[in-house]
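One letter stands for each residue in the lines below.
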Amino acid sequence: QLQLVESGGGLVQPGGSLRLSCAASGLTLDVYTLGWFRQAPGKEREGVSSITSDGNTYYTDSVKGRFTISRDNAKNTVYLQMNNLKPEDTAVYYCAAPYLGPGGSWGQGTQVTVSS
């Protein structure tokens, strides 16, 4: 069974940067669309970014120009580089293979807090 483990979250000041990593085990990821989602307190989970097996990317409007998703199939890992972070980016960030199975396959999440 696929297991996804996020890392790289933490506390950062506005304007700072973080790089999230998602390491997969149990299944190779090269043929799957992978994504990052986030959930802020009191809000629904939203899609942040995704990347297809052939490298096409998607970003929600609020992060365009600031976040970059990438994948390293040899390492079975997906990354999210987050620059110029804003307080409204504060959330728990999850990586997922959203089309794997009826509800996708999800990691446990990593907390990102943007505050001065």
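Refer to the structure above for everything that follows.
These numbers were taken from a predicted model, which means no experiment stands behind them.

A. Expanded view of the layout of surface pockets. Roughly 170 Å³ of volume is contained in the largest pocket. Surrounding the largest pocket, 13 residues form its lining, R38, A40, K43, E46 and E88 being those nearest its centre. Partitioning the lining of the largest pocket into residue classes produces 2 nonpolar, 3 polar and 8 charged.

B. Region of interest: unusual backbone geometry. The phi torsion at N76 lies on the positive side, around 55°, for a residue other than glycine. Look at N76 and you get buried, because its relative accessible area is 12%. Even without being a glycine, N84 presents a positive backbone phi close to 50°. Tracing the sequence through the fold places N84 in the loop between strand 8 (77–82) and strand 9 (91–97). When its relative accessible area of 42% is taken as the criterion, N84 is described as partly exposed.

C. Summary view of the state of the cysteines. Throughout the structure, instances matching the rule amount to 1 disulfide. The side chain of C22 participates in a disulfide bridge whose partner is C95; the two sulfur atoms lie 1.9 Å from each other. Looking down the S-S bond of the C22 and C95 bridge, the torsion is 50°, so its handedness is right-handed. One end of the pair, C22, is in strand 3 (residues 18–25); the other, C95, is in strand 9, and 73 residues separate them in sequence. Exposure remark for C22: the relative accessible area of 2% places this residue in the buried category.

D. Representation of the pattern of salt bridges. Going through the model one piece at a time under the given rule, you end up with 4 salt bridges. D89 is the salt-bridge partner of R38, the closest N and O atoms lying 3.0 Å from each other. Highlighted residues: R38 in strand 4 (residues 34–39) and D89 in the loop between strand 8 and strand 9, separated in sequence by 51 residues. For the pair R38 and D89, one class covers both residues: buried. Note that R66 is salt-bridged to D89, the shortest N-O span being 2.7 Å. Separated by 23 residues along the polypeptide, R66 in the loop between strand 6 (57–59) and strand 7 (67–72) and D89 in the loop between strand 8 and strand 9 bring together distant segments of the chain. In this structure, R66 and D89 share a single accessibility class: buried. Overlapping salt bridges, with partners in common, bring together R38, E46, R66 and D89 in one network.

E. Examining the nonpolar core more closely. Counting residues in hydrophobic clusters, the biggest one holds 27 residues, and the most contacted among them are W36, F67, L80, M82 and Y93. Listing elements by their share of this core, those giving two or more residues are strand 3, strand 4, strand 5 (46–51), strand 7, strand 8, strand 9 and strand 11 (110–114).

Parameters and conventions
Residues numbered from 1 in each chain as written. Predicted model: local features only at pLDDT ≥ 70, side-chain atom pairs only at ≥ 80, totals over all residues. Heavy atoms only, no water. 1 Å grid on protein atoms, 1.4 Å probe; cavity = no way out; pocket = protein on both sides within 12 Å on 5 of 7 lines; lining within 4 Å. Points joined across faces, edges and corners; volume = space filled by probe spheres on them. Nonpolar A, V, L, I, M, F, W, Y, C, P; charged D, E, K, R; others polar. Buried < 20%, exposed > 50% of the residue type's maximum accessible area, 1.4 Å probe, protein only. Helix = DSSP H or I, 4+ residues; strand = E, 2+ residues; numbered from the N terminus. Disulfide = S-S within 2.5 Å. Salt bridge = Lys/Arg side-chain N within 4 Å of Asp/Glu carboxyl O. Core = buried A, V, L, I, M, F, W, Y, C linked by side-chain atoms within 4.5 Å.

Purely geometric numbers; function is a separate question.
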